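# Examination of the molecular architecture
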Amino acid sequence: MMSFLVIGMGRFGSSLAAELHGMKHEVLAVDEREENVAGVMNHVTNVIIGDTKDEAVLRSLGVHNFDCVVVAMAGSIEDSILTTMLLKEMRAKKIVCKAQNERHSKILSLIGADKVILPEHDMGKRAARSLTQKNMLDYIEISPDYGIVELITPQHWVNKSIMKNNLRRKYGVTVIAIRSAETGEVGFSPNADRVLLQGDVLTVLGSKHELSAISALK
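Residues numbered from 1 in each chain as written. Predicted model: local features only at pLDDT ≥ 70, side-chain atom pairs only at ≥ 80, totals over all residues. Heavy atoms only, no water.

## Topic: the side chain of T153
Position of T153 among the secondary structure elements: in the loop between β8 (146-152) and β9 (160-161). A polar atom in the side chain of T153 sits 2.9 Å from the backbone oxygen of D200. (Helix = DSSP H or I, 4+ residues; strand = E, 2+ residues; numbered from the N terminus. Polar contact = N/O pair within 3.5 Å; in protein donor to acceptor, adjacent residues only side chain to side chain.)

Structure (C-alpha cells):
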C-alpha cells in the first residue's frame, strides 16, 4: 500500500483520488473549495480544505511523508507552478503534475516535476490508436518506444496456445494478462500452454511497432 497526497479536486483530481483509494492506497485529498472536498469525502482516506499556494498550509501536510504528491489543480497555471515549486523545496519524494498544455508541461518539468500528465492529449492518442487498429480496445504508453495494448484475440491465434502461437519470438510481445471470454475473469502472467479462445481479451506488452503489427492482425 502506498500513500498519496492529491491536490486539486476537479474532475481529474477527484477521479484519480477515488481510483487510488479503491486500489487500497491511502489518499489525502486537498482543495481550497469546501464543495470540491465534500464531493470526494466518502471516497478517500481523509480530506483537508486548504490553499496549497500558502507555504504554511502545504508544510503542515507533511508532504515528505507521502510516497507521491499529485498536483491536479484545475485553476490557473501559475497556481500549479507555485505549488510544484513549494513541493520541490519541501523535498517531496515524487511529484506528479497535471498540465493544461505543452508549454505548461515543459515548465513543470523544468522546475522539478518527476512526471507530467496531459490528460486530454494522452486520451486523444489512446483514442486515435483504438480507432485505427482493428482489434485494439485500448492503448497505454509507458515510454516513447513501448506500450501496453488491450486487444481481442486475433482469429489467427484462436484455439492455439501462447507457446504454439510463438508470440514472443515471432511477434516480440508478451501477454501479461487474459480476460476469459467464457468466465469474464482476468488471469495474470498466463502459462505458455494457455489456449487462446475466440473473444478472449489480451493485455500485451511490446514496442509500439510490434503492438501496431499485432493489432492489425485478422
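## What to know about the environment of T45
By the element assignment, T45 lies in the loop between α2 (34-38) and β3 (46-49). Assessed through its relative accessible area of 47%, T45 is described here as partly exposed. Separated by 18 residues in sequence, T45 and V27 place their C-alpha atoms 5.1 Å apart. Dropping the residues within four chain positions of it, T45 is found in contact with H21, H25, E26 and V27. Here the side chain of T45 touches V27 through a polar contact of 2.9 Å, landing on its backbone nitrogen. (Buried < 20%, exposed > 50% of the residue type's maximum accessible area, 1.4 Å probe, protein only. Contact = heavy atoms within 4.5 Å.)

## Some words on the pattern of salt bridges
By the definition in use, this model includes 7 salt bridges. Close ionic contact of D79 with K53 constitutes a salt bridge, the shortest N to O distance being 3.8 Å. Here D79, found in helix α4 (residues 77-89), pairs with K53, found in the loop between β3 and α3 (55-60); they are 26 residues apart in sequence, far enough to count as distant. Note on D79: relative accessible area 21%, which makes it partly exposed. By relative accessible area, which is 22% here, K53 ends up partly exposed. With a shortest N-O distance of 3.0 Å, D200 and R194 are connected by a salt bridge. (Salt bridge = Lys/Arg side-chain N within 4 Å of Asp/Glu carboxyl O.)

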